[in-house]
Amino acid sequence: MRKISTIITGLFLTLVVRGQETAKGLPLFNVNYQKLVSRADLVYDRPASRSEAGQPVGNGRMGSLVWTTPSQVRMQINRVDVFASNSASNNFFERNTDYCGGTGYVDLDFGAPVFEGEDFRQQLSCYNAVSTVTGKAVQAKVLAWNEADVMAVDIKDNRATAQPLMVNLRMLRMPVSLKGNHSAVSTIETLGDRILLKQVFKEDTYYCSSAVVIGLTGSKATAEKTNASTVRLNIAPGTAHARIFIASAATFDSTADVVAATMRKLDAAQQKGYDAIEASNRQWWRNFWQQSFVHLGSADGVAADIEKNYTYFLYVMGSSSRGDFPTKFNGMLWTTGGDARQWGGAFWGANQSCYYEALYPTNHLELMEPMFKMYSHACPTFERAAVQQWGSKGIFIPETVGFDGVPALPDDIAAEMRDLYLIRKPWEQRSKKFMDYAFAKQPFLSRWNWKHTGAWKAGLWTYTERGDGPYGPVNHIFSRGAKIAYQYWQQYEYTKDLNWLREKAYPMLKGMAEFYRNFPNVKKEKDGKYHIRHVNDNESIWGGHNTVEEIASMMGIFPAVIRASELLNTDAGMRPVWKEFMTNLSPLPTTKDYPDMVGQPEAWVGSLPPTSSIRGNGKRLPDGNTMPVWFFDLCNPGGNAAMLRIANNTFNGYFRNTSFEETVPHVLSKIPAAAAVLGRADAIQALIPNQLKGAARNPVLENRMDLSEGFYTTNIQRIGRAADALHLALCQSAPPAPGGNPVIRVFPAWPKAWDAQFSLLCRGNVMTAASIKKGTIEFVALVSNAGETCRVQNPWPGKAVAIYKNGRRFQTLKGGLLVVQTKAKDQLLLIPAGMDPAKLSLNVL
């Protein structure tokens, strides 16, 4: 028997025939990563049309778009950990006025119009994470150091006549900005041949500060204040080569010296030097790209365009999601308008999910860490909110939340809030004290979201309510907490890390299960089933009964917490309690619950009656932006047949009056992802490209981003959603039902006209590679990192499959489900029986 040995090299397998590695070897996916990733580069032959169309450069903690004016390269230095106020603020009662992220403007001024005409070119190298701007005899290369919060610029100036070169560091607002007892104080200083901008934000006991310090090497410079808000470095005219270093830091500790911390970063950067920083970055990004890949092709070029957007999504997330807080949906690290950004500083769960639900298969779990850090750090506030706001136990994670969680309430305000929000006390009887307390609260935060728009009248701020008591788009949503908790569970599924499950995931899972079980408006009713009342179906339906969001969330969370408790051998006494709740939980609402819809194919609907008079059409389909039944693994292939039938009927309902080709999915839409789960390749072929193209009202900018959330909200939400759908079309690894064993399915919803090669992470911590050409799956290769049992849906239905383990012919299996026992790091190759594995020489570009 021929012996096939396997050697792990990066993320691909090298086969060794007859025990000897041939000169060429037989590599599975010998990937030219640089060529592959460079297909996603941004190349401008004219200046960006607006600042928001600049090229993104960041290290996950600090970053900026890079854009030009005729004489300048411009940046706004942003950070993920700068917030002008916290969630307890009483000074941002006007919508869209709270702010975050910005630390200062930086202009590299060449003193003449060099960035225009035929000489202009700007290219973002996604592989090396460098934006290079070329003009008339000048060049600027911008990067963000992976090791420290420093952006570095390499400037070459070959103009025949010596011209001045200046670096301006500008404030984002006036030196002193006051709003009630909120203050934002900015100061500038010259520090020898360095320039400094410091910001300090205060309100009550809240404190946040940031600093930006700029220095250079390769030339002499003088520092000066040019006006009250700008400080400048004047570089000696005629300097042919200069390196500029822009360091930043931030802190919430009023005793910390943020300037000293920034200076230390600048010292380190100048000592290391630009060339060494660039080399360090090249290695970091090289390692980054070798974690996974997707390569697509089709005759019409559509698949290749999807690949470019997908690769770009990874680049942007790698550049913006490596700090203590997740990158924000509305602007990320890329705002350019100072403090201005629509929707302010809060985190909207549905929007954030566009980024953080698409990351697991990429094998970049490090990019998930900022999200988990924020929610875990705020967990004590979620425990308090469950009790204070809802009279429950466990945790309550609002749909919209500040970076610091949910503030404490005075006891009397909390007591009245519970009565009002649980619909135990008529809204008309709310007290003046409660309304006075609510007056100055931020209306976008979930608990105050019954507050709507307002205006200044006769010098007084007045606002309107939304019109249905305590209800609002996000006030009575509990499913977000369940989805966050389920992502903690998914982290375990993808890593099999029991420590993570014990220390991080289980408290979230148990917290949500106990919240639902003890929620006062969850009760066992006459039919013997647990019902939930006076809740939303996401933002679409208010005040509903057994909404699909909340029932689906409970159907997902309880099996997960039960399985987790078994794995951890803890809370054995709670399992029967949770199982009883799950067994007697009301089913998902469907058209059968409405007499006038009985003749239609059974599909899920948003809610049972009664619902809100403002937003209360319970008969509508589930919110396409969230698709909770799909998210919680309730309608996966191989699971409950009735659920799968209803899922297909529900999916068809979204296209009752349109076609796939005519449909442009909303920026947040998860309908393409739902199509993939259901194996609808015909839908995938139209919906993913259409979602990437975006709607005409939100044109895609030159940098593939858009402003779909409003002013200065540069984002890639639609690309994140498309990436999620793409993963599911290429490779699924979900269990048949929540808490079950994962099953790997390759190309389950793949259009026949598209070729693909990929290496992606699957649940069970299995690295999976596969190739399909002209509709034929060539092979599947697996690396079982955790040594779990691998379950693979037969890629070649009806055919026998030859399985090689660690280089040797292991077994031949038949049937629909292939089950292989593995040990940690075992390597499997699956090919049709009778195929010669030596022919699997596959290069990617």
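Keep in mind the model is a prediction, meaning the values are calculated, not measured.

## Considering the overall build of the protein
Okay, step 1: Of regular secondary structure, the protein possesses 18 helices and 39 strands.
Okay, step 2: Here the C-alpha radius of gyration of the protein, 28 Å, is about what a compact globule of 845 residues would show, namely 28 Å.
Okay, step 3: For the C-alpha atoms alone, the extent of the protein along its principal axes is close to 85 × 80 × 50 Å.
Okay, step 4: Sequence-distant contacts in the protein: of pairs separated by 6 or more residues, those separated by 24 or more amount to 66%.
Okay, step 5: Between the centroid of the 92 positive side chains of the protein and the centroid of its 75 negative side chains there is a distance of 5 Å.

## Here's the deal with the packing of aromatic side chains
Okay, step 1: Counting across every chain of the model gives 63 aromatic pairs.
Okay, step 2: Where F93 meets W461, the ring centres are 6.0 Å apart and the plane angle is 45 degrees; that geometry is what we call tilted. With F93 in the loop between β7 (72-83) and β8 (100-109) and W461 in strand β25 (residues 460-465), the pair connects residues that are 368 residues apart, well separated along the chain. The two residues F93 and W461 agree in class, both being buried.
Okay, step 3: Plain terms: the ring middles of Y437 and W448 are 6.0 Å apart, the flat faces sit at 50 degrees to each other, and that makes the pair tilted. Within this pair, whereas Y437 is found in helix α9 (residues 432-439), its partner W448 is found in the loop between α9 and β24 (451-457), the two being separated by eleven residues in sequence.
Okay, step 4: Over the ring of F93 we find K179, and its NZ or CZ is 5.7 Å from the ring centre.
Okay, step 5: Its end group placed over the ring of F347, K328 keeps NZ or CZ at 4.8 Å from the ring centre.

## Regarding a nonpolar patch on the surface
Okay, step 1: A surface patch of nonpolar side chains, amounting to about 280 Å² of accessible area, comprises V176, L178 and V185.
Okay, step 2: In this structure, V176 sits in strand β14 (residues 176-179).

## Some remarks on the sheet that holds strand β13 (residues 165-170)
By way of backbone hydrogen bonds, the strands of a sheet pair with one another, either parallel or antiparallel.
Okay, step 1: Pairing is antiparallel across the open sheet formed by seven strands, whose spatial order is β5-β6-β7-β8-β13-β19-β18. The sheet is open, and its two borders are formed by β5 (55-58) and β18 (221-227), each paired with just one other strand. Recorded for the sheet is a direction-independent mean angle of 25 degrees between the axes of neighbouring strands.
Okay, step 2: As paired strands, β7 and β8 are joined by eight bridges and run antiparallel to one another. Note on β8: the bridge partner recorded for M75 is V106.

## Here we look at helix α18 (residues 717-730)
Okay, step 1: Here α18 spans 20 Å end to end across 14 residues, near enough to the 20 Å set by a 1.5 Å rise per residue.
Okay, step 2: In terms of burial, α18 is a largely internal element, 13 of the 14 residues being buried.

## Here's the deal with the environment of K524
Okay, step 1: For K524, the location among the structural elements is in strand β26 (residues 522-524).
Okay, step 2: Overall, the relative accessible area of 43% leaves K524 in the partly exposed class.
Okay, step 3: Along the backbone, K524 and I777 are 253 residues apart, and their C-alpha atoms lie at a distance of 50 Å.
Okay, step 4: Leave out the neighbours within four places in its chain, and K524 touches K529, Y530, E580 and N584.
Okay, step 5: Polar contacts involving the side chain of K524 include one to the side chain of E580, which spans 2.7 Å.

## Some thoughts on the pairing of strand β10 (residues 130-134)
Okay, step 1: In the sheet, strand β9 (residues 121-125) pairs with β10 via five bridges, with the strands oriented antiparallel. Note on β10: the bridge partner recorded for L124 is S131.
Okay, step 2: The turn linking β9 back onto β10 is made up of four residues, and A129 within it adopts a positive phi angle of 60 degrees.
Okay, step 3: Two elements, β10 and strand β11 (residues 138-144), share four bridges in a ladder whose sense is antiparallel. In the sheet register, V133 faces β11, and the bridge partner there is A140.

## Concerning the confidence of the model for the protein
Okay, step 1: Summing up the model confidence of the protein, the mean pLDDT is 95 and the portion of residues at 70 or higher is 96%.
Okay, step 2: This stretch, residues 1-27, has a pLDDT under 50; its non-local contacts, to residues over four places away or in other chains, come to 72 contacts.

## Points about helix α2 (residues 258-272)
Okay, step 1: The terminal C-alpha atoms of α2 lie 21 Å apart, and with 15 residues this matches the ideal 21 Å at 1.5 Å per residue to within 8%.
Okay, step 2: Among all positions of α2, only V258, V259, T262, L266, A269 and Q270 are buried. Down the axis of α2, the buried side of the element spans an arc of 100 degrees, and every buried residue falls inside it. Of the exposed residues in α2, those oriented more than 90 degrees away from the buried face are R264 and Q271.
Okay, step 3: For α2, the secondary structure elements touched by its buried residues are β12 (150-157), β16 (194-203), β17 (206-217), β20 (241-251) and α3 (274-289).
Okay, step 4: The N-terminus of α2 is capped by D257, whose side-chain oxygen sits 3.2 Å from the backbone nitrogen of V259.
Okay, step 5: Two residues or fewer after α2 comes G273, characterised by a positive phi angle close to 90 degrees.

## With respect to unusual backbone geometry
Okay, step 1: Cis geometry is adopted by the peptide bond preceding P610, which originates at P609 and carries an omega value of 0 degrees.
Okay, step 2: By secondary structure assignment, the location of P610 is in the loop between α13 (575-583) and α14 (628-631).
Okay, step 3: Unusually for a residue other than glycine, W343 sits at a positive phi of about 80 degrees.
Okay, step 4: Looking at the secondary structure, you find W343 in the loop between α4 (302-320) and β22 (347-348).
Okay, step 5: Judged by relative accessible area, W343 falls into the partly exposed class, the value being 22%.
Okay, step 6: Unusually for a residue other than glycine, N538 sits at a positive phi of about 50 degrees.
Okay, step 7: Structurally, the position occupied by N538 is in the loop between β27 (530-537) and β28 (541-545).

## Points about the sheet that holds β11
Okay, step 1: Within the open sheet, the ten strands sit side by side as β4-β9-β10-β11-β12-β20-β17-β16-β15-β14. Their pairing is antiparallel. Either end of the sheet is taken by a strand with one partner, and the two such strands are β4 (42-44) and β14. Across the sheet, the mean angle separating the axes of adjacent strands is 10 degrees when strand polarity is ignored.
Okay, step 2: Bridge count between β12 and β20: seven bridges; the pairing is antiparallel. Paired with M151 across the strands is I246, a residue of β20.
Okay, step 3: Strands β10, β11, β12 and β20 of the sheet are contacted by α3, whose axis makes an angle of about 55 degrees with β11.

## A closer look at the pattern of salt bridges
Two side chains with opposite charge may pair up if their charged atoms get near one another.
Okay, step 1: Counted by the stated rule, this structure contains 42 salt bridges.
Okay, step 2: With a closest N to O distance of 2.4 Å, D154 and R243 form a salt bridge. Pair noted here: D154 is in strand β12 and R243 is in strand β20, with a separation of 89 residues, a long-range link. For the pair D154 and R243, one class covers both residues: buried.
Okay, step 3: Between K592 and E602 there is a salt bridge, and its shortest N-O distance comes to 3.9 Å.

## Some thoughts on the side chain of T362
Okay, step 1: Relative to the assigned elements, T362 resides in the loop between α5 (349-356) and α6 (369-377).
Okay, step 2: On the accessibility criterion, T362 (0% relative accessible area) is buried.
Okay, step 3: In terms of polar contacts, T362 uses its side chain to reach the backbone amide nitrogen of H364, at 3.2 Å.
Okay, step 4: In this view, T362 contacts Q291, S292, Y310, L314 and H727; residues no more than four positions away in its chain are not counted.

## Describing the pairing of strand β36 (residues 808-813)
Okay, step 1: Bridge analysis of strand β35 (residues 801-805) against β36 gives five bridges, and the strand direction is antiparallel. Across the sheet, residue A802 finds its bridge partner in β36, namely T812.
Okay, step 2: The antiparallel hairpin formed by β35 and β36 contains two residues in its connecting segment, where N806 sits at a positive phi of about 50 degrees.

## Considering the packing of helix α7 (residues 379-390) against helix α8 (residues 411-421)
Okay, step 1: Direction vectors running N to C along α7 and α8 enclose 70 degrees, while the axes themselves pass 7 Å from each other. Classified by the angle between their axes, α7 and α8 sit roughly perpendicular to one another. Between α7 and α8, the contacting residues are V387, Q388, Q389 and W390 on the first element and D411, A414, M417, R418 and Y421 on the second.

Cut-offs applied
- Residues numbered from 1 in each chain as written.
- Predicted model: local features only at pLDDT ≥ 70, side-chain atom pairs only at ≥ 80, totals over all residues.
- Heavy atoms only, no water.
- Helix = DSSP H or I, 4+ residues; strand = E, 2+ residues; numbered from the N terminus.
- Rg over C-alpha atoms; globule rule 2.2 N^0.38 Å.
- Contact = heavy atoms within 4.5 Å.
- Lys, Arg positive; Asp, Glu negative; His and termini not counted.
- Charge placed at Lys NZ, Arg CZ, Asp CG, Glu CD.
- Phe/Tyr/Trp six-rings, centres within 6.5 Å; stacked < 30°, edge-to-face > 60°.
- Buried < 20%, exposed > 50% of the residue type's maximum accessible area, 1.4 Å probe, protein only.
- Lys NZ or Arg CZ within 6 Å of the ring centre and 35° of its normal.
- Patch = residues over 30% accessible without salt bridge, like charges linked within 9 Å, V, L, I, M, F, W, Y side chains within 5 Å.
- Areas by Shrake-Rupley, 256 points an atom, 1.4 Å probe, with all protein chains shown as cover.
- Salt bridge = Lys/Arg side-chain N within 4 Å of Asp/Glu carboxyl O.
- Pairing = 2+ DSSP bridges.
- Axes fitted to C-alpha atoms, helices over the stretch in contact; angles between N-to-C directions.
- Expected span 1.5 Å × (residues − 1).
- Polar contact = N/O pair within 3.5 Å; in protein donor to acceptor, adjacent residues only side chain to side chain.
- pLDDT = per-residue confidence, 0-100.
- Arc of directions from axis to C-beta.
- Parallel < 35°, antiparallel > 145°, perpendicular 65-115°, else oblique.

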